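# Structural description and commentary
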Amino acid sequence: MTTVLLRTYGPANIADGLTRRQIPVFVRNPRMFQKPVQVAYCSCTRHRRCRSISWRTAEAPGYCRSRCCRCGGWTRPAGPHCCRHWEHHRSVSSGGAPPTGADIVDGVGRFLIPGLWDMHAHIQGSGDAWLALYVANGVTGIRDMGADIDFIRAMREATRSARIRGPRIVAAGPILDDAPGDWPLRLRVRTPAEGRAAVRMLKGRGVDLIKVHNVTPRDVFFAIAEEASTESLPLAGHVPLNVTVQEGIDAGLKNIEHLSEDGRVWKACSGGGMYRPETCRPFFEMLARRQIWQTPTLVALSEIPTVGTPASAISKDHLAYANKILRGLWAGNQSIFGARPEIMQILIAQAAIARTATSDMARAGVGILAGCDALIAGFCVFDELAAMVAGGMTPLAALQSATVNPARYLDREKTLGSIAPGKAADMVLLDGNPLDEIRNVRRVRAVVVDGRLLERQELDGLLARARAAGREP
C-alpha cells in the first residue's frame, strides 16, 4: 500500500489561519490507480465530482460499495465502480485511522505548508533537471511567462503525465510584442489584426493566459486585451511603454509584472521618482478593489545588474546550478549595465523602494504573487519570500504569496493553495516554523508533489542531478 500518513504539529492551512494541533493527513499515491484496489475514492454520481473526499474500504477489488464520498453528507455512489482517473485521486483526506499498510512519515514537531509556486518562471533552455530542481525545493507549481508554444506544451504535458518529475505548469506561451526578431520567447505582432489572430491561435493551442511586454504597440495592446477577454484568457505582463498604468488596468490587465519594471506602478501614484506612500494609498486601494494582482519579482529587480558576478547577493552554492544558457542571459544584462554604472545605482535604489511599496500594497489588500524571473529554480522563491519580509510584509503574508494567492489568482482555490480534504496533495514538510523565521521555508524535510512523497534522500538526489546538469557544456 502506498498511502502516506503525515502526522504534523504546526501550520496546516495558511489560507485560513494557523493551528497548532496534531492532525493526520492521508495522501494517496496516484500510481495505485492504474489497477483496481480495495481502498479507493468514489464519486457521488457518475457525473458529479465530490467537493470533499474521504477514505472508505471497498467490499472487494474492482468496485466500491457505500459511503464512498462526502458531498454535504454521506452519499452512496451511483453504481458499483471504482474511480481510476488519476486527476480525481491525487488528493488529501484528514481525520480517522490511516488505511491498513500505510507508510508512516512522522511529522511531529515539524511544520506542514502547501506546495509553493513560482509565478514568474522561464524554463525554456534549462532542461528537465531544472524542473526537478523546483520540486526538490518544495515548489510544486510554476507559471511560465514566456516560451515557444511547442516547447511549453510538451513540458506541461510531460509533468502532468508524470513522464518528467516537475511541478504543475501554467503557461502563457510566447510573449506578444514587437520586439526585434532576435529577442527570444516571443511572437511578433505589429498590427491589431495580428494581435487578435495571435490570441485566437494561442487559445487554440491551449495556453492558460496571454502575456504582453514593454514594446507591445499601443493599438495592438488594446486589440489583444479585447480579444483575450472575448476568449476568456487572463491578460498579464508589463504595461507597454506607450500605455499608462491606468489605461492598462482599464483595458483588462489583471496582473502586472515587476511593478511594471521601472517602478511605473508606484511612480504613477507618486507623481515622480520619489515614492510617496500616503499619496499612493488610494491608488493601492483601487488596485485591491479591482483585484489587480502584482508579481513584484523583488530579487530579480535587485539582481539584474549583478547576478552571476561577485557583487551578487545570491550564494555561490546556488549559482552552481545555473547552466550555460542562463549564465549567457545574465552576461548580456551585465554588458548593458556595466557600461552605465549610473543606471545600476538607479536600479538598486528602485529595488529597495519596490520592497517597501510591495509591503504597502499588501497592507492595502492588493494580491501579491511570488515570482522569480530567470533566477535559480526553487531557491529563488525562498529569496523572494525573504525579500518580502525584509520590506515589511509579515511571514504569513509572504507565504500566502506563494501558496493560496496563486490558487486564488488562477481560480483554483477549490483544489490548490491550502491543505484540506479533497484538495490536491501538494505539500512541503519543514523542520522549522516559517512564521517564526521566514528562512525556515528553506528547511525542507519532505515534499509531496501531486500525491507522491519525496523524502530528504530523494530530494538530495534531485539536487545533485540538477547541479551536474548545470555543469554540462
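My aim in this report is to walk through the structure given alongside it, one point at a time. Since we're looking at a predicted model, the values are computed, not measured.

### Here we look at the overall build of the chain
Within the chain, the regular secondary structure consists of 15 helices and 20 strands. Here the chain, with 473 residues, has 55% of them falling under the buried criterion. Relative to all contacts within the chain whose residues are 6 or more apart in sequence, the contacts with residues 24 or more apart total 69%. Summing over all exposed atoms, the chain offers an accessible surface of approximately 19,800 Å²; the carbon and sulfur share of this is 51%.

### Re the pattern of salt bridges
Oppositely charged side chains are able to pair whenever their charged atoms sit close together. Counted by the stated rule, this structure contains 25 salt bridges. Residue Asp 250 pairs with Arg 290 through a salt bridge whose shortest N-O separation is 2.8 Å. Residue Asp 250 is found in helix α5 (residues 245-251), and its partner Arg 290 is found in the loop between α7 (277-289) and β17 (293-295); the two are separated by 40 residues along the sequence. Between Arg 439 and Glu 437 there is a salt bridge whose closest N-O contact spans 3.2 Å. Beyond isolated ion pairs, a larger network of salt bridges with shared partners links Arg 196, Arg 200, Glu 226 and Glu 227.

### Describing the nonpolar core
Across soluble globular proteins, you tend to see nonpolar side chains buried next to one another. Ile 210, Leu 287 and Leu 385 are the most contacted members of the largest nonpolar core, which totals 102 residues. Ranked by size, the runner-up nonpolar core spans 14 residues in total, among them Met 145, Ala 236, Leu 369 and Ala 424.

### Quick word on the pairing of strand β16 (residues 253-257)
Counted residue by residue, β16 has four buried out of five residues, so it is predominantly covered. Note: strand β15 (residues 235-237) against β16, three bridges, orientation parallel. Among the inter-strand pairings, Ala 236 is bridged to a residue of β16, identified as Asn 255. Once the chain exits β15 it traverses α5 before rejoining the sheet at β16, and the crossover so formed is right-handed. Direction of pairing for β16 relative to β17: parallel, over a ladder of three bridges. Within β17, the position partnered with Ile 256 by the bridge is Gln 294.

### Here's the deal with the packing of aromatic side chains
In total, this model carries six aromatic pairs according to the counting rule given. Ring geometry for Phe 379 against Phe 382: centres 6.4 Å apart, planes inclined by 85°, an arrangement best described as edge-to-face. Here Phe 382 and Phe 379 lie together in helix α12 (residues 379-390), a separation of three residues that amounts to about one turn. Through a chain of ring-to-ring contacts, three or more aromatic side chains come together here, namely Tyr 321, Phe 379 and Phe 382.

### Brief notes about the state of the cysteines
Think of a disulfide as a covalent bridge from one cysteine sulfur atom to another cysteine sulfur atom. Scanning the model with the defined rule gives two disulfides in all. The side chain of Cys 269 participates in a disulfide bridge whose partner is Cys 280; the two sulfur atoms lie 2.0 Å from each other. Every disulfide takes its handedness from the sign of the S-S torsion; for Cys 269 and Cys 280 that torsion is 90°, giving right-handed. Placement of the pair is Cys 269 in helix α6 (residues 264-270) and Cys 280 in helix α7, with a sequence separation of 11 residues.

### Concerning the side chain of Glu 303
Take Glu 303: it is sitting in helix α8 (residues 298-303). Of the buried charged residues, Glu 303 lacks a salt bridge, with Arg 355 as the closest side chain of opposite charge at 7.4 Å. In this structure the side chain of Glu 303 is engaged in a polar contact, spanning 2.7 Å, whose partner is the side chain of Ser 312. Excluding residues that lie within four positions of it along the chain, Glu 303 makes contacts with Ser 312, Ala 313 and Ile 314.

### Section: the environment of Glu 227
Of note, Glu 227 is situated in helix α4 (residues 218-230). When the C-alpha atoms of Glu 227 and Val 199 are compared, they prove to be 6.6 Å apart, with 28 residues separating the residues in sequence. Apart from the residues lying within four places of it in its own chain, the contact partners of Glu 227 are Arg 196, Val 199 and Arg 200.

### Description of the sheet that holds strand β8 (residues 111-114)
Reading across the sheet, the four strands line up as β8-β18-β19-β20 and stay open at both edges, with antiparallel pairing between neighbours. Either end of the sheet is taken by a strand with one partner, and the two such strands are β8 and β20 (452-455). If you compare each strand with its neighbour and ignore which way they point, the axes differ by 20° on average. Two strands pair when backbone bridges link them, and strand β19 (residues 444-449) and β20 are joined in this way by four bridges, in the antiparallel orientation. Counted as the bridge partner of Val 447 is Leu 454 from β20.

### So, the packing of helix α1 (residues 128-136) against helix α15 (residues 456-470)
Orientation of α1 relative to α15, taken along the N-to-C sense of each, is 145°, at an axis distance of 9 Å. In this structure, the crossing between α1 and α15 has a hand that is left-handed. Each of Ala 129, Ala 132, Leu 133, Val 135 and Ala 136 in α1 lies in contact with α15, whose residues at this interface are Arg 456, Leu 459, Leu 462, Leu 463, Arg 465, Ala 466 and Ala 469. Each residue belonging to the contact of α1 with α15 can be placed in one class, and the counts come to 10 nonpolar, no polar and two charged.

### Quick look at the packing of α7 against helix α11 (residues 341-363)
Close contact between α7 and α11 brings their axes to 9 Å; oriented N to C, the two are set at 55°. The angle between α7 and α11 places the two elements in the oblique class. The element α7 and its partner α11 pack so that their crossing is right-handed. Seen from α7, the contacting residues are Pro 277, Phe 284 and Leu 287; seen from α11, they are Ala 357, Asp 360 and Met 361. Of the residues assigned to the contact of α7 with α11, the class counts are five nonpolar, no polar and one charged.

### A few points about α7
Compared with an ideal rise of 1.5 Å per residue, which puts 13 residues at 18 Å, α7 spans 18 Å between its outermost C-alpha atoms and is within 8% of the ideal. If you check which residues of α7 are buried, you get Cys 280, Phe 283, Phe 284, Met 286 and Leu 287. Of the surrounding elements, those touching the buried residues of α7 are α5, α6, β17 and α11. One or two positions beyond α7, positive phi appears at Gln 291, with a value near 55°.

### Some words on the sheet that holds strand β11 (residues 168-171)
In spatial order, the strands read β9-β10-β11; together these three strands make up an open sheet with parallel pairing. At either end of the open sheet lies a strand with only one pairing partner, and these are β9 (116-121) and β11. Strand-to-strand twist across the sheet, computed as the mean angle between neighbouring axes with direction ignored, equals 15°. Of the pairings in the sheet, the one linking strand β10 (residues 139-144) to β11 comprises four bridges and is parallel in character. Across the sheet, residue Arg 143 finds its bridge partner in β11, namely Val 170. α1 contacts β9, β10 and β11 of the sheet and is inclined by roughly 130° relative to β10. In this fold α12 packs onto β9 and β10, with an angle of close to 95° to the strand it touches most, β9.

Conventions we followed
Residues numbered from 1 in each chain as written. Predicted model: local features only at pLDDT ≥ 70, side-chain atom pairs only at ≥ 80, totals over all residues. Heavy atoms only, no water. Helix = DSSP H or I, 4+ residues; strand = E, 2+ residues; numbered from the N terminus. Buried < 20%, exposed > 50% of the residue type's maximum accessible area, 1.4 Å probe, protein only. Contact = heavy atoms within 4.5 Å. Areas by Shrake-Rupley, 256 points an atom, 1.4 Å probe, with all protein chains shown as cover. Salt bridge = Lys/Arg side-chain N within 4 Å of Asp/Glu carboxyl O. Core = buried A, V, L, I, M, F, W, Y, C linked by side-chain atoms within 4.5 Å. Pairing = 2+ DSSP bridges. Right-handed = clockwise from strand over helix to strand, strands pointing away. Phe/Tyr/Trp six-rings, centres within 6.5 Å; stacked < 30°, edge-to-face > 60°. Disulfide = S-S within 2.5 Å. Lys, Arg positive; Asp, Glu negative; His and termini not counted. Polar contact = N/O pair within 3.5 Å; in protein donor to acceptor, adjacent residues only side chain to side chain. Axes fitted to C-alpha atoms, helices over the stretch in contact; angles between N-to-C directions. Left-handed = near helix turned anticlockwise from the far one by under 90°. Nonpolar A, V, L, I, M, F, W, Y, C, P; charged D, E, K, R; others polar. Parallel < 35°, antiparallel > 145°, perpendicular 65-115°, else oblique. Expected span 1.5 Å × (residues − 1).

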